[in-house]
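Structure at a glance
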There are 2 protein chains.
Amino acid sequence: MDITIDNKTAQTLASVVRFHRKKSGLSQSQLAKLAGIGKTTVFDIEKQKPTVRLNNLLAVLSVLNIRINLESPLMSFFEKEEFK
Amino acid sequence: MDITIDNKTAQTLASVVRFHRKKSGLSQSQLAKLAGIGKTTVFDIEKQKPTVRLNNLLAVLSVLNIRINLESPLMSFFEKEEFK
DNA sequence: TATATATTACCGTTATAGCAGTAATATCGT
DNA sequence: ACGATATTACTGCTATAACGGTAATATATA
């Protein structure tokens, strides 16, 4: 089961990241080290800063074993075209 | 059906955004206007710039009607805890 | 084929994200 | 309850993302 994110994206991302970090028994500093970013950046993500850099968020999600799915009505057409 | 993104996240995001923009019959400038960001930012996203700001990417995905799902083994526990 | 128009790509200035250091707060151990 | 330790929150400097203008390229039209 997964969580869909729309208008509350930054807010939900923050909660999801914080929850998974806690469950992993990591501090913000530890997670930052594992993700190769600064601890302020982890702090920013968990505090719903919407302007964080994409690569930093992805690094954090990767460490926490969280995957991203993109969903849209056109996605099946995209698949056909991209994987010809 | 949806596309999972892992190591090729920025690359796939770029392709997904470009594909959906073309399908919508929009230019980079038009998409930028609709998303309320600069056209260089749309250009950067489509050219796989990994450090774009999260809010700008989300604005673009929103205009193109692309939703984000987060997936992880712990997600069902997250749901139970967050929506008590 | 040439010209006009539309679109993508690049440039340089400005606002700000990321960072480590440090302050504030929370938690742990005695 | 107090002191030690761990963690979170804040600060300010520096590198850079975002931006609109403009150059380069692609497409449409005559």
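Rules used in this analysis
- Residues numbered from 1 in each chain as written.
- Chains lettered and ligands numbered in written order.
- Predicted model: local features only at pLDDT ≥ 70, side-chain atom pairs only at ≥ 80, totals over all residues.
- Heavy atoms only, no water.
- Helix = DSSP H or I, 4+ residues; strand = E, 2+ residues; numbered from the N terminus.
- Buried < 20%, exposed > 50% of the residue type's maximum accessible area, 1.4 Å probe, protein only.
- Contact = heavy atoms within 4.5 Å.
- Areas by Shrake-Rupley, 256 points an atom, 1.4 Å probe, with all protein chains shown as cover.
- Polar contact = N/O pair within 3.5 Å; in protein donor to acceptor, adjacent residues only side chain to side chain.
- Near = heavy atom within 4 Å.
- Nonpolar A, V, L, I, M, F, W, Y, C, P; charged D, E, K, R; others polar.
- Salt bridge = Lys/Arg side-chain N within 4 Å of Asp/Glu carboxyl O.

On to the overall build of chain A. Across its full length, chain A carries five helices and two strands. Counted from the first residue to the last, chain A has its helices and strands arranged as β-α-α-α-α-β-α. In chain A, which comprises 84 residues, the proportion classed as buried is 45%. Intrachain contacts of chain A at a sequence separation of at least 6 include 49% that bridge at least 24 residues. Roughly 4600 Å² of accessible area belongs to chain A as shown, and the carbon and sulfur atoms make up 47% of that amount.

Here we take up the environment of Glu-71 of chain A. If you trace the backbone, Glu-71 of chain A turns up in strand S2 (residues 67-71). For Glu-71 of chain A, the side chain forms a polar contact with the side chain of Asn-69 of chain B, separated by 2.8 Å.

In the region of DNA strand C, 20 residues are neighbours, and Gly-38, Thr-40, Thr-41 and Arg-53 of chain A together with Gln-28 of chain B sit closest. Here DNA strand C approaches the protein such that, of its atoms within 4 Å, sugar and phosphate make up 70%. With respect to DNA strand C, the side chain of Arg-21 of chain B contributes an N or O atom lying 3.0 Å from a phosphate oxygen. Counting only elements with at least two residues in the surface near DNA strand C, the list comes to helix H3 (39-46) of chain A together with helix H1 (9-23), helix H2 (28-35) and helix H3 (39-46) of chain B.

Here the focus is the protein's contact with DNA strand D. What surrounds DNA strand D is a group of 20 residues, the closest being Gln-28 of chain A together with Gly-38, Thr-40, Thr-41 and Arg-53 of chain B. Of all DNA strand D atoms lying within 4 Å of any protein atom, the proportion belonging to sugar or phosphate reaches 68%. A distance of 3.2 Å is found between a phosphate oxygen of DNA strand D and a side-chain nitrogen or oxygen belonging to Lys-49 of chain B. Mapped by element, the contributors of at least two residues to the surface near DNA strand D are helix H1 (9-23), helix H2 (28-35) and H3 of chain A together with H3 of chain B. Looking at side-chain class alone, the surface near DNA strand D contains three nonpolar, nine polar and eight charged residues.

Residues and elements named next belong to chain A. Taken as a whole and judged by the stated rule, the model has six salt bridges over all chains. Between Glu-46 and Arg-21 there is a salt bridge, with the nearest N and O atoms lying 2.4 Å from each other. Residue Glu-46 is located in helix H3, and its partner Arg-21 is located in helix H1; the two are separated by 25 residues in the primary sequence. Since its relative accessible area comes to 7%, Glu-46 is described here as buried. Among the charged side chains, a network of salt bridges with common partners joins Arg-18, Arg-21 and Glu-46.

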